[in-house]
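Here is how the chains run, residue by residue.
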Amino acid sequence: QNMIKQASGFIAASSRGKNWFETFGVPLDQITVSPIPISFAPPKAPPDFNHRRFDILWCGRTTTAKGFDTFLQIARILKSRQAITKIGIIGALNISKVKRKVAEYGLSGITDIHPLLPPERLPGFLTQAKICLFPSHNDAYGVGVIEAVSCGALVLASDAVGCAPDVLAPGQILSPEIALDWATACEELLTNPGKWDHIRTTQSARIANNTPDHHAYSIWQTVDAAIRWSENAT
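Overview of the structure. (Residues numbered from 1 in each chain as written. Predicted model: local features only at pLDDT ≥ 70, side-chain atom pairs only at ≥ 80, totals over all residues. Heavy atoms only, no water.)

1. Thoughts on the overall build of the protein
Then comes step 1: Regarding its fold elements, the protein presents 10 helices and eight strands.
Then comes step 2: Taking 2.2 N^0.38 as the reference for a compact globule, 234 residues should give roughly 17 Å; the C-alpha atoms of the protein span a radius of gyration of 19 Å, in line with that estimate.
Then comes step 3: Seen through its C-alpha atoms, the protein measures out along the principal axes to roughly 70 × 35 × 30 Å.
Then comes step 4: Put simply, 64% of the contacts in the protein that link residues at least 6 apart link residues at least 24 apart.
Then comes step 5: In the form shown here, the protein has an accessible surface area of approximately 11700 Å², with 54% of it arising from carbon and sulfur atoms.
Then comes step 6: Placing the 22 positive and 20 negative side-chain charges of the protein at their respective mean positions leaves the two points 7 Å apart. (Helix = DSSP H or I, 4+ residues; strand = E, 2+ residues; numbered from the N terminus. Rg over C-alpha atoms; globule rule 2.2 N^0.38 Å. Contact = heavy atoms within 4.5 Å. Areas by Shrake-Rupley, 256 points an atom, 1.4 Å probe, with all protein chains shown as cover. Lys, Arg positive; Asp, Glu negative; His and termini not counted. Charge placed at Lys NZ, Arg CZ, Asp CG, Glu CD.)

2. As for helix H4 (residues 95-104)
Then comes step 1: For H4, the capping residue at the N-terminal end is asparagine 94, with a side-chain oxygen 3.2 Å from the backbone nitrogen of serine 96.
Then comes step 2: Directly beyond the C-terminal end of H4, a positive phi value near 70° is found at glycine 106. (Polar contact = N/O pair within 3.5 Å; in protein donor to acceptor, adjacent residues only side chain to side chain.)

3. Regarding the packing of helix H3 (residues 68-80) against helix H8 (residues 179-190)
Then comes step 1: Running from N to C, H3 and H8 point in directions that differ by 50°, and their axes come no closer than 9 Å. Compared by their axis directions, H3 and H8 come out oblique. Here H3 runs over H8; the crossing is right-handed. Contacts between H3 and H8 involve Thr70, Gln73, Ile74, Ile77 and Leu78 on the former and, on the latter, Ala179, Leu180, Trp182, Ala183, Cys186 and Glu187.
Then comes step 2: Among the residues making up the contact of H3 with H8, the classes are represented as eight nonpolar, two polar and one charged. (Axes fitted to C-alpha atoms, helices over the stretch in contact; angles between N-to-C directions. Parallel < 35°, antiparallel > 145°, perpendicular 65-115°, else oblique. Left-handed = near helix turned anticlockwise from the far one by under 90°. Nonpolar A, V, L, I, M, F, W, Y, C, P; charged D, E, K, R; others polar.)

4. Here we look at the pairing of strand E5 (residues 111-115)
Then comes step 1: With five bridges connecting them, strand E4 (residues 87-92) and E5 associate as parallel partners. Bridged to isoleucine 89 within E5 is isoleucine 113. (Pairing = 2+ DSSP bridges.)

5. A look at the nonpolar core
Then comes step 1: With 33 residues, the main nonpolar core has Ile56, Phe71, Ile131, Leu133 and Leu156 as its most contacted residues.
Then comes step 2: Breaking this core down by element, the ones donating at least two residues are strand E3 (54-59), H3, E4, H4, strand E6 (129-134), strand E7 (154-158), H8 and helix H9 (193-205).
Then comes step 3: Looking at this core, the element that brings in the most residues is H8, giving seven residues.
Then comes step 4: Once residues within four sequence positions are removed from consideration, isoleucine 56 is found in contact with Phe71, Ala75, Leu78, Lys86, Ile87, Gly88, Ile131, Leu133 and Cys186.
Then comes step 5: Residues Ile90, Leu117, Val145 and Ile146 belong to the second largest nonpolar core, which totals 29 residues. (Core = buried A, V, L, I, M, F, W, Y, C linked by side-chain atoms within 4.5 Å. Buried < 20%, exposed > 50% of the residue type's maximum accessible area, 1.4 Å probe, protein only.)

What follows is the structure, encoded as structure tokens:
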């Protein structure tokens, strides 16, 4: 509260951040929403539905807080319904431990497991995913969502992911507690390439401002406006 009282300009990464500033009485004309950009150059021509080998993909730290157990539950349901043939896991913190958990869920035969990867290697996997899942219990922004969408993947995310309302439609934002809802949503998309492509295209359009140029420009404009506001206030 003390920091907010001393500031003349406010930058939020998402609409949720903007709403947070509002709760402290910050005027709307002093808040700029500057979406976080992706950390790599997006591919120019991502593959279409039929040329993506992962039906669902996990990309992030394999922790309970990030919803990894929920992801495995979703995959198990989809496999039992014969709705998936290949899944990928990127970000295994402990390969041996993750392999054991994957085996416990009966997914070993259809799962590729990889450790945490540097940003420049992510497009090689994200462009191979039909659907990326982010069932996180706590994710302040969720840049992984932006990176997946930039690579042409369709994203489903939990209601705990900060950027979700700015990128996804309500039906694409799910509770991290109910794996069955995620599985049902995935199955519908995996059996309807036309719907998958329509949603993917819509999500892509909503991250148009998640670029380094827009990020830098919006921050600079906020700084400039804050300086002028301070000068006028004095």
